[in-house]
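A structural walkthrough
So the chains spell out like this:
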Amino acid sequence: MTVTILNALFLAECWREGARFDSTLTLGRLHCFMWSRDLQRIAQLLPSKSKFVESVKRGEVPPYMDDLFTAMGARRVDAMDASHFEGAAILQDLNEPLAAHLHSQYDAVVDTGTIEHVFNTPMACKNVMDALKVGGHFFAGLPANNYCGHGFYQFSAEFFYRVFSAENGFEMRKLFVAPAYVAGKWLDGPVFEVPDPKEVRGRVEIEGKRKMVFLVQAQKVRQEAAFARWPQQSDYSAIWSQGSADQLRKGGETTMLQSAAEAYGRIMGRIKGIGRLSERIRERRVWTRQSLGNSALKPHKWIE
């Protein structure tokens, strides 16, 4: 679990906009994955008299990031982990329900790379929700694309909007996506806001050739029983609410304008076919080349 320049800029922005870190719970002990230049950049955003800023001025690189949260007003910083390997104060397997005495104890819960390693993801999310006070925030930097094999899961915008929803007592404040790591360097962006698929009435599918992360800020606005009903993907829910597939087919009459649009679409599809074929060939070559460079992978030939 790490804090990179991207995570730090996100947390500092949320703090400067009013999010409180008075009592902070980190999932795992958060290592510092920033160079001196990154730390100096973050230090300029924080109170000059804080322990974090003073240590940065001395040229120190902290092993863990507790002092970052202290600089943002934390009077209590607890680390939770499944083992005491890194000295976490609270021993808790997030696959299992959160201990009752930890409910509603924290103004901030911060995850910069834990939940994707927890097999029972719904329980891990419920534990985060239960740990927060009403008014508290969940902050996360979690894998989007190109982290296959890093943990059990990669996530989508749909996942975060449906989990941290009004039904569960939450409101999403920010959801950003950004490249995380390229050519041996942790990046600070560029960052893009990601809308709710339910609001745009369609799937928000994000592609990229690099490791990408979501930055999440969700606020607990009232006490609710998390997952009293399981989330459903928003585009399916919208379709189901319109009736059965047979009813939709019977109810749709094709107009002349629709017929013309469909014909135009078919023509354009054929024109673009050559470009798509070229793209598929190129992608097959790229995929083959990078896979042959991975010693863990073995080529397979289909029996025909």
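Being a predicted model, the structure only gives us computed values, none of them experimental.

Quick look at the overall build of the protein chain
The helix and strand inventory of the protein chain stands at eleven helices and eleven strands. In terms of overall dimensions, the protein chain has a C-alpha envelope of 70 × 45 × 40 Å along the principal axes. The buried share of the protein chain, taken over its 304 residues, is 40%. Of all intrachain contacts in the protein chain linking residues separated by at least 6 positions in sequence, the fraction that spans at least 24 positions is 77%. On the protein chain, roughly 18,400 Å² of surface is accessible, and the fraction owed to carbon and sulfur atoms is 54%.

A closer look at the pattern of salt bridges
Using the criterion set out here, one finds 17 salt bridges in the structure. As a salt-bridge pair, Arg162 and Glu158 come within 2.8 Å of each other at their nearest N and O atoms. Pair noted here: Arg162 and Glu158 are both in helix α6 (residues 157-163), with a separation of four residues, about one helical turn. Glu158 carries the same exposure label as Arg162, and that label is buried. What you see here is one network of salt bridges that share partners, running through Glu13, Glu17 and Lys174.

What to know about the packing of aromatic side chains
Enumeration according to the criterion identifies 16 aromatic pairs in this entry. Consider the rings of Phe119 and Phe152, whose centres lie 5.3 Å apart with planes at 80 degrees: the pair is edge-to-face. Of this pair, Phe119 sits in the loop between β6 (106-111) and α5 (121-131) while Phe152 sits in the loop between β7 (132-143) and α6, and the two are 33 residues apart along the sequence. Over the ring of Tyr64 we find Arg29; its NZ or CZ atom is 3.8 Å from the centre of that ring.

A closer look at the packing of helix α1 (residues 5-16) against helix α2 (residues 36-43)
Between α1 and α2, the least distance of the axes is 10 Å, while the angle of their chain directions is 5 degrees. When the axes of α1 and α2 are compared, the pair comes out roughly parallel. Listed contacts from α2 to Ile5, Ala8 and Leu9 of α1 are Asp38, Arg41 and Ile42. Taken together, the residues that form the contact of α1 with α2 break down as four nonpolar, no polar and two charged.

As for α2
Helical geometry: 3.6 residues make up each α-helical turn, so side chains three or four residues apart lie on a common side. Burial in α2 covers these residues: Asp38, Leu39, Ile42 and Ala43. Angular distribution of buried residues about the axis of α2 spans 135 degrees; they occupy a single face of the element. Where α2 is buried, its residues meet α1, β3 (31-32), α3 (51-57) and α4 (66-71).

Definitions and cut-offs
Residues numbered from 1 in each chain as written. Predicted model: local features only at pLDDT ≥ 70, side-chain atom pairs only at ≥ 80, totals over all residues. Heavy atoms only, no water. Helix = DSSP H or I, 4+ residues; strand = E, 2+ residues; numbered from the N terminus. Buried < 20%, exposed > 50% of the residue type's maximum accessible area, 1.4 Å probe, protein only. Contact = heavy atoms within 4.5 Å. Areas by Shrake-Rupley, 256 points an atom, 1.4 Å probe, with all protein chains shown as cover. Salt bridge = Lys/Arg side-chain N within 4 Å of Asp/Glu carboxyl O. Phe/Tyr/Trp six-rings, centres within 6.5 Å; stacked < 30°, edge-to-face > 60°. Lys NZ or Arg CZ within 6 Å of the ring centre and 35° of its normal. Axes fitted to C-alpha atoms, helices over the stretch in contact; angles between N-to-C directions. Parallel < 35°, antiparallel > 145°, perpendicular 65-115°, else oblique. Nonpolar A, V, L, I, M, F, W, Y, C, P; charged D, E, K, R; others polar. Arc of directions from axis to C-beta.

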